[in-house]
Amino acid sequence: MKYRAIKGVQDILPPDVYLWQEVESTARQVFAPFGYREIRTPVMEFTEVFTRGIGETTDIVEKEMYTFNDRAGRSMTLRPEGTAPVVRAYVENHLYSLPSPQKYYYIGPMFRYERPQKGRFRQFHQIGVETFGEEDPRMDAEVLDMLRCFFERVGVDNLRFEVNSIGCDECRPIYRRALIDFLTGQIDSLCSDCKRRYEVNPLRVLDCKVKGCGEIKKKAPGITDYLCSGCREHFDALRGYLELLKIPFRVNPEMVRGLDYYTRTTFEVTSEFLGARSAVAAGGRYDKLIEEFGGPAVPGIGFAIGVERLAALIKDRHGIREPVPTVYFAAIGDEAEKAAYKLASEMRTKGIRVELDYSGASLKSRFRKADRLKATYVFIFGEDELSRGTVRYKRLSDGEQGEINKDDVMQFFG
Ligand code: ATP
Ligand code: MG
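All values derive from a computational prediction rather than experimental measurement.

**A look at the packing of aromatic side chains**
Logical step 1: On inspection of all chains with the given rule, the structure shows 23 aromatic pairs.
Logical step 2: Ring centres of Tyr-377 and Phe-412 lie 5.2 Å apart, and the angle between their planes is 65 degrees; on these two criteria the pair is classed as edge-to-face. Highlighted residues: Tyr-377 in strand β14 (residues 377–381) and Phe-412 in helix α16 (residues 409–412), separated in sequence by 35 residues.
Logical step 3: Of the residues examined, Tyr-377 reaches a relative accessible area of 12% and is grouped as buried.
Logical step 4: Judged by relative accessible area, Phe-412 falls into the partly exposed class, the value being 27%.

**Concerning the packing of helix α1 (residues 16–31) against helix α5 (residues 137–154)**
Logical step 1: Running from N to C, α1 and α5 cross one another at 140 degrees; their axes reach a closest spacing of 10 Å. By the angle between their directions, the pair α1 and α5 is classed as oblique. Note that α1 runs across α5; the crossing there is right-handed. Each of Val-23, Thr-26, Ala-27, Gln-29, Val-30 and Phe-31 in α1 lies in contact with α5, whose residues at this interface are Met-146, Cys-149, Phe-150, Arg-153 and Val-154.
Logical step 2: Residues that form the contact of α1 with α5 fall into these classes: eight nonpolar, two polar and one charged.

**Concerning the pairing of strand β5 (residues 102–111)**
Logical step 1: For β5, a buried count of eight out of ten residues is recorded, marking the element as mostly surrounded by other parts of the structure.
Logical step 2: In this structure, strand β1 (residues 37–38) lies alongside β5, joined through two bridges in parallel fashion. Looking at β5, one finds that Arg-37 is bridged to Tyr-104.
Logical step 3: Where β5 lies against strand β6 (residues 123–132), ten bridges are found, and the strand directions are antiparallel. Paired with Ile-107 across the strands is Ile-127, a residue of β6.

**Some words on the pairing of strand β3 (residues 66–69)**
Logical step 1: Relative to strand β4 (residues 75–78), β3 runs antiparallel, the two being bridged by four bridges. Bridging from a neighbouring strand, Asn-69 pairs with Ser-75 of β4.
Logical step 2: Joining the antiparallel neighbours β3 and β4 is a turn of five residues, in which Gly-73 adopts a positive phi near 80 degrees.

**Things to note about helix α10 (residues 229–244)**
Helical periodicity: at 3.6 residues per turn, an α-helix aligns residues three or four positions apart in one direction.
Logical step 1: Helix length check: α10 (16 residues) gives 22 Å between terminal C-alpha atoms against 22 Å at 1.5 Å per residue, within 8%.
Logical step 2: Along α10, the residues that are buried comprise Cys-231, His-234, Phe-235, Leu-238 and Leu-242. On an axial view of α10, the arc spanned by its buried residues comes to 95 degrees, and they lie on one face. Facing away from the buried side of α10, by more than 90 degrees, are the exposed residues Ser-229, Glu-233, Glu-243 and Leu-244.
Logical step 3: Immediately beyond the C-terminal end of α10, within one or two residues, lies Lys-246, with a positive phi of roughly 55 degrees.

Procedures and definitions
Residues numbered from 1 in each chain as written. Chains lettered and ligands numbered in written order. Predicted model: local features only at pLDDT ≥ 70, side-chain atom pairs only at ≥ 80, totals over all residues. Heavy atoms only, no water. Phe/Tyr/Trp six-rings, centres within 6.5 Å; stacked < 30°, edge-to-face > 60°. Helix = DSSP H or I, 4+ residues; strand = E, 2+ residues; numbered from the N terminus. Buried < 20%, exposed > 50% of the residue type's maximum accessible area, 1.4 Å probe, protein only. Axes fitted to C-alpha atoms, helices over the stretch in contact; angles between N-to-C directions. Parallel < 35°, antiparallel > 145°, perpendicular 65-115°, else oblique. Left-handed = near helix turned anticlockwise from the far one by under 90°. Contact = heavy atoms within 4.5 Å. Nonpolar A, V, L, I, M, F, W, Y, C, P; charged D, E, K, R; others polar. Pairing = 2+ DSSP bridges. Expected span 1.5 Å × (residues − 1). Arc of directions from axis to C-beta.

Any link to function would need more than the numbers given here.
What follows is the structure in structure tokens.
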């Protein structure tokens, strides 16, 4: 074959694309009553938006970004995630002057140069939300509640909600120090990336997917033992509200997430069907990020759902039930074909799906095709029907047949 899609980048074909549309429209329906409105940011940004936003020593910035110079020599990056661009847009457009909280969602492609494997692509898609201007832990629980509601509505269960608090500017440095001290004693067992970066960004070791680092992580001091009183109160309150809303969750003190901008609450939603260390959704609070982008001191919290992983879960659980073509037209003879052609136009105009067949093939082969298309009805137009001003129909599910007046076709479909 001459042309192939780029490695790690895939076509989304029917019927899968139908599932994607369902997922997207469910997201819109679920987010709206919580007060979220859509925001669409560009797929590329100046590289600094991500290096500053996500953090220089994160996996994403160190090795996963699609970065290139444009013709004027400016460094551009295809967005690897959605939070930094939305924060950039929030600050640039002074959206903080609107009443708080401001709530946005986005749906779209993201790009990361990762090793392609199951559930991991170089172009993938996220449905994400960002909430600006509320620091109360009830907002954290509300965001998780919305996520629970979304998964319920798309029909995915058996998910694990894991939450953690990674502290703030006050308590994290103390934990960081303790972690560095611990890691210094383990340095020989760290992977080469972690050996290099553990002093600059020791939390990355906890997020490292290399097996050896995973072992070390189990013995490492936990951040939850180091939280300051403000962070502890926030985390305790969050857990209380999650219990109140009956959202089953587990505290995972090792979960730190791969992006530097998080403060306090972090969370991941995982499924045993996705394999180890794969989340279908993840997020957290980022109370300093808006300031980092030159905006006012406004707290934020959000999450992103991985659409490829979600679609795989739904497909395994329920399959895909794409709406089937409703009516397959089998007209025999020139005049009948003409009458059918015209009726098809009227029916389609009214929203009924009609499949026409210009092959002139035999009735038998057309029925075979109708079967393959999983049509609900076959409409048969012959000379007899034409002279009577009717069509004959056959329902393929049970073989029921009948004849209806052409003028009554629309009533037939209610
Ligand atoms: P992982 O730990 O699997 O690498 P991550 O922490 O890098 O994920 P986030 O940046 O939090 O992921 O993105 C949120 C969600 O987006 C993930 O939970 C996942 O469902 C999805 N996702 C992230 N990277 C990819 C990818 N390369 N291919 C497909 N989905 C992805
Ligand atoms: Mg990753």
